[in-house]
Structure formats: C-alpha cells, structure tokens
Amino acid sequence: MAPATFVENTTETPPQVSKRVTVQALVESPGLASIPSNYSYSSNPNESAASNPDEDTFPIIDFSLLTSADPHQRSKIIQDLDRACREWGFFMLVNHGVSKSLMKQVLEGCNEFFNLPMEEKMEFEGKDIWKPIRFGTGVDVKVEKFFFWRDFLKCSVHPHFSFPNKPKGFSVVAEEYSKRTREVIKELLKGVSESLGFEESYIEKAMNLDSGSQIFAANLYPVCPQPEIAMGIPAHTDHGLLTLLIENDIGGLQIQHNEEWFNVHPLPNSFLVNNGDHLEILSNGRYKSIKHRAVVNNKATRISIAVPLGPSLDKVVSPAPELIGGETGRRAAYLPMMYKDYMERQLEGKPCLDHVRIPFA
C-alpha cells in the first residue's frame, strides 16, 4: 500500500493532502501526528457534545414478540414500536433471529476487504453514485468543505445483488446477511403498518418492496490522531424506510433526541434501527427521521455496516392517502417525489427532506 505524502506536525497549520488517498493509507503514513487541514471539521455552534444516557433510556424492541402467535404479545409490542418510532425514531432490536456468527462473519469480511492491497480496492473506486459497487473515501469537496474521516464500500444488494468478488467468500456471506436483514426490516414494517392503523402488508405493497432498493454500506473509521477536530460522518438523516446497523465493539454512533446528542452503546447481538426519511414522509410526519452522526477516536478502528431498505427506485413517495383529508383533518405535509430522484439529490449533498417538506402544513 503506497503511503500518503504527509509532513510531520509542526506549530503551523497542518497542510492539505494534495492528492486524494484513503484515510486508512493516510493513517499508515509514517510520522502522522496531526490530521491534514482538509479533514478538519468545524462544528456547528448548535451542535452540542454527546452525553451517555441512562441504561434504560433507549427503546428496546423484542423481535420475537412481534412474530409471536400470541395476539396480546403482538399487540403490546406494536404499541411499543409505535412509541419508539414516534418519540425517538430509533430503537435497539433484540431476539431478531439473525445469528451472531453471521453478524460476526460479515464484520470480519468488511475488515478483510478494507485490508486488501490498495490496487485491488481501487478496482471498485468510482464517483458515479449509481455504480452498483463503489469503494471510496471521505466525500466530494464539492458537496462538503472537508473530508470525512472514513473509507467506505457501498453496494446495491436488492433487487439485484452486486458485490466485490474479493476477499474470497465475502460476497456469499454478504448476500446471506443482506437477505436476512431484508426479511427483518420487512417484518418490522408489518408492525409499523399496523401501528399506523393499516393492515400489515400495507407498506410492503405501497412501497413496492418486492423490488425495493437495499444498500449494503460498510464504513471504516481508522484511528485518528486528533479526533476532537475530525468527523466520521456529520449529522444527517437516512433515505429509505428503516436502516439496520451493526458495528464492531468500538463505539462512535451518536443520535439526536429533543435537541440533545447521546452516545449509543449497543446491546450485545442487537441491531440499531432508525427511521428513514421515507417513513417520515409516508407517515405524514408521525414518525420522524432521526439525525445521527459518527465520531472517531484515537484508540481503535471502528467498522459499521448500515443496511437501509427503501421503496423501488421508480416509486413516487408521498404521505399515505389514508392519513390526510377526510376525517383526519390533516393536510399533506410533504410533496411527492420519486425515490430515485430523492436519493440522487441526497447523495449529491443537496437538501432533501426540507426540500419536500411543506411549510406550515
């Protein structure tokens, strides 16, 4: 792996990296004591530091109760799901049926991929946001004024499965993981449909989930010599309906709730689940898409895998007709937009949710 060109830190402002390199290669450069200036993140004055919540702060949903044959158990957990989606937009999912060994294997596969020789990873490099397999680093400076402290692998895994053919066996594990997480999300959306007052298959049918868009997004956050001025990913919301996330044992996810930021410490073998923008739109604002961010540290490398599931790309998403007009007395709070157009706008760094939100609705 070719080392990044970098000058050891002095009292002067660290230089910019003149040529795009991966963050991993930058970290492996000899004498790296400070980060290049184009990785320096100036936080928004309104962005507060995160705190550690009480042990029972975050909602926890037991997936086994959602699939229970006992109607009372199922009714209770759907109420809990409604509360979690409405009050937090986030919850931890336990007893989900995805094996611990599969979760471990897919994280190990990501680690092996990021440790491939640079020339092998660069086979998948590309700036086209619709490229089905895309390896990259940071972010385009036309979108942001700084580079994120992360490398990534993004693959479209549904309705067509696309994945790197290396390291050996990784695609087989990733395909099984993608299938299982898709099944979990679709089951969760049955509960969400019922919590909105619909029959259980409402969202699946309305959003064309048989041809829904599912992304496998692996993120590598290497050790950072100055974590206090770098950012893995700044505050953002996700496109799609629901996102499932797992990570190795290195924390870094922070979520916003009632204008406060909280560190997230996952329960063992759990999924972290957050509402996406299109669940907010479909529910006409009942279920808010949650802001979250990824911070970095100077002790250990963090790997996370986010798997969002959204409508089919050609689906025009708007508030469910049953939730507006008539007896509800509610107006539509969001403009309709095709999912592909929304994704394209978001991936190009343009405002999305605010763009479709109708003021004073």
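Quick summary incoming for the structure in this document. None of the values given here were measured: they were computed from a predicted structure.

Some thoughts on helix 3 (residues 71-87)
Phase 1: Compared with the 24 Å implied by 1.5 Å per residue over 17 residues, the 24 Å span of helix 3 between its first and last C-alpha is a close match.
Phase 2: Considered for burial, the residues of helix 3 that qualify are R74, I77, I78, D80, L81, D82, A84 and C85.
Phase 3: For helix 3, the secondary structure elements touched by its buried residues are strand 1 (60-62), helix 2 (63-66), strand 2 (90-94), helix 6 (170-195) and strand 10 (271-275).
Phase 4: The N-capping residue of helix 3, defined by a side-chain oxygen 2.9 Å from the backbone nitrogen of H72, is D70.

Details of the sheet that holds strand 7 (residues 242-247)
Phase 1: With respect to topology, eight strands assemble into an open sheet ordered 1-2-10-7-12-5-4-3, the strand pairing being mixed. Because the sheet does not close on itself, it has two edges, and the strands there are strand 1 and strand 3 (133-137). Across the sheet, the mean angle separating the axes of adjacent strands is 25 degrees when strand polarity is ignored.
Phase 2: Sheet analysis places strand 7 next to strand 12 (residues 302-310), joined by six bridges and oriented antiparallel. Pairing of L245 across the sheet is with A306, part of strand 12.
Phase 3: Along the sheet, helix 6 contacts strand 2, strand 4 (151-158), strand 5 (213-221), strand 7, strand 10 and strand 12; its crossing angle with strand 7, the most-contacted strand, is approximately 135 degrees.

Observations concerning the pairing of strand 8 (residues 253-257)
Phase 1: Burial analysis of strand 8 places four of its five residues in the buried class, the great majority of the element.
Phase 2: Sheet topology note: the strand 8/strand 11 (residues 292-294) ladder contains three bridges and is antiparallel. Paired with L253 across the bridge in strand 11 is A294.
Phase 3: The pairing of strand 8 with strand 9 (residues 260-263) spans four bridges and is antiparallel. For Q256, the partnering residue across the bridge sits in strand 9 and is W261.

Re the packing of helix 4 (residues 100-114) against helix 6
Phase 1: Running from N to C, helix 4 and helix 6 point in directions that differ by 135 degrees, and their axes come no closer than 9 Å. The pairing of helix 4 with helix 6 is recorded here as oblique in orientation. You can see that helix 4 and helix 6 cross each other, and the crossing is left-handed. In this structure, helix 4 uses L102, M103, Q105, V106, G109, C110 and F113 to contact helix 6, whose residues at the interface are F170, V173, A174, E176, Y177 and R180.
Phase 2: In the contact of helix 4 with helix 6, the residues fall into nine nonpolar, two polar and two charged.

A few points about the nonpolar core
Phase 1: The biggest cluster of nonpolar side chains holds 68 residues, and the ones touching the most others in it are Y177, L188 and F216.
Phase 2: Ranked by residue count, the leading element in this core is helix 6, at nine residues.
Phase 3: Residues contacting Y177, with those up to four places away along its chain left out, are L102, M103, V106, F216, I246, F271, I305 and V307.
Phase 4: Counting residues in each nonpolar core, the second largest holds 17 residues, with V21, Y39, F146 and F148 among its members.

Side note on unusual backbone geometry
Phase 1: The omega torsion of the bond from H158 to P159 falls at 10 degrees, within 30 degrees of zero and hence cis.
Phase 2: Residue placement: P159 occurs in the loop between strand 4 and helix 6.
Phase 3: In this structure, P167 follows K166 across a cis peptide bond, with omega equal to -5 degrees.
Phase 4: Structurally, P167 can be placed in the loop between strand 4 and helix 6.
Phase 5: A positive phi angle, near 55 degrees, is found at N208, a position not held by glycine.
Phase 6: One can find N208 in the loop between helix 7 (202-206) and strand 5.
Phase 7: If you check the backbone angles, E259 has positive phi at about 70 degrees while not being a glycine.

Basis of the calculations
- Residues numbered from 1 in each chain as written.
- Predicted model: local features only at pLDDT ≥ 70, side-chain atom pairs only at ≥ 80, totals over all residues.
- Heavy atoms only, no water.
- Helix = DSSP H or I, 4+ residues; strand = E, 2+ residues; numbered from the N terminus.
- Expected span 1.5 Å × (residues − 1).
- Buried < 20%, exposed > 50% of the residue type's maximum accessible area, 1.4 Å probe, protein only.
- Contact = heavy atoms within 4.5 Å.
- Polar contact = N/O pair within 3.5 Å; in protein donor to acceptor, adjacent residues only side chain to side chain.
- Pairing = 2+ DSSP bridges.
- Axes fitted to C-alpha atoms, helices over the stretch in contact; angles between N-to-C directions.
- Parallel < 35°, antiparallel > 145°, perpendicular 65-115°, else oblique.
- Left-handed = near helix turned anticlockwise from the far one by under 90°.
- Nonpolar A, V, L, I, M, F, W, Y, C, P; charged D, E, K, R; others polar.
- Core = buried A, V, L, I, M, F, W, Y, C linked by side-chain atoms within 4.5 Å.

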